[in-house]
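# Fold and geometry: a report
Spelled out from the first residue to the last, the chains are:
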Amino acid sequence: MRVTSEFWVAAYTRRCFSEGAFAGIRRKGALEAGAIFIIVDRLDTTYDFYGPAPQSFFEEEKPLDREFECLMEKTSREEIEAKLTREERMDPDFWVVEVEDKEARSFLSLPKEPGPEDLFSGFKGRKF
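Report on the accompanying structure. (Residues numbered from 1 in each chain as written. Predicted model: local features only at pLDDT ≥ 70, side-chain atom pairs only at ≥ 80, totals over all residues. Heavy atoms only, no water.)

The subject of this paragraph is the nonpolar core. Core analysis: the largest hydrophobic core is formed by 16 residues, its most contacted members being Trp8, Tyr12, Cys16, Ile36, Ile38, Val99 and Leu108. Among the secondary structure elements, those contributing two or more residues to this core are helix 1 (5–18), strand 2 (36–41) and strand 5 (95–100). No other element matches helix 1, which puts 4 residues into this core. When neighbours within four sequence positions are excluded, Cys16 is seen to be in contact with Ala21, Ala23, Val99 and Phe107. Core analysis: the second largest hydrophobic core is formed by 9 residues, Phe37, Ile80, Leu84 and Val96 among them. (Core = buried A, V, L, I, M, F, W, Y, C linked by side-chain atoms within 4.5 Å. Buried < 20%, exposed > 50% of the residue type's maximum accessible area, 1.4 Å probe, protein only. Helix = DSSP H or I, 4+ residues; strand = E, 2+ residues; numbered from the N terminus. Contact = heavy atoms within 4.5 Å.)

Its 14 residues give helix 1 an end-to-end C-alpha distance of 20 Å, which sits within 8% of 20 Å, the value for a rise of 1.5 Å per residue. If you check which residues of helix 1 are buried, you get Ser5, Trp8, Val9, Tyr12, Thr13 and Cys16. All buried residues of helix 1 lie within an arc of 130° about the axis, which places them on one face of the element. Along helix 1, exposed side chains directed more than 90 degrees from the buried face belong to Phe7, Arg14 and Ser18. In this structure, the buried side of helix 1 is in contact with strand 1 (22–27), strand 2, strand 4 (68–75) and strand 5. Positive backbone phi, approximately 90°, marks Gly20, located one or two places after helix 1. (Expected span 1.5 Å × (residues − 1). Arc of directions from axis to C-beta.)

Next up, the structure:
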């Protein structure tokens, strides 16, 4: 069972602070199941933007924790604001958390994208 969005955001902001980064809730969404977006201010005038990972990222079953994907990397504030404006038209119940970190750490669970070593992983141990 997944925790509520409200609980997850509270725990996430505490994690950021415990790691030496600053985090603030910019927008509160639906308490139970609102989508969560994370903006990471790299403190060099660029930003990273993370959102919920699509269901296709998961192997067979949904993970217990929330999974995210990087939607934009080293981008401008204006591009992120435009994306959030489009999101608001589709679903206004989302959360936005902003993190300031010189090291650009997101502190998020990101699904592993398949790499070259994974291409033939289904064939390991097979004899041809």
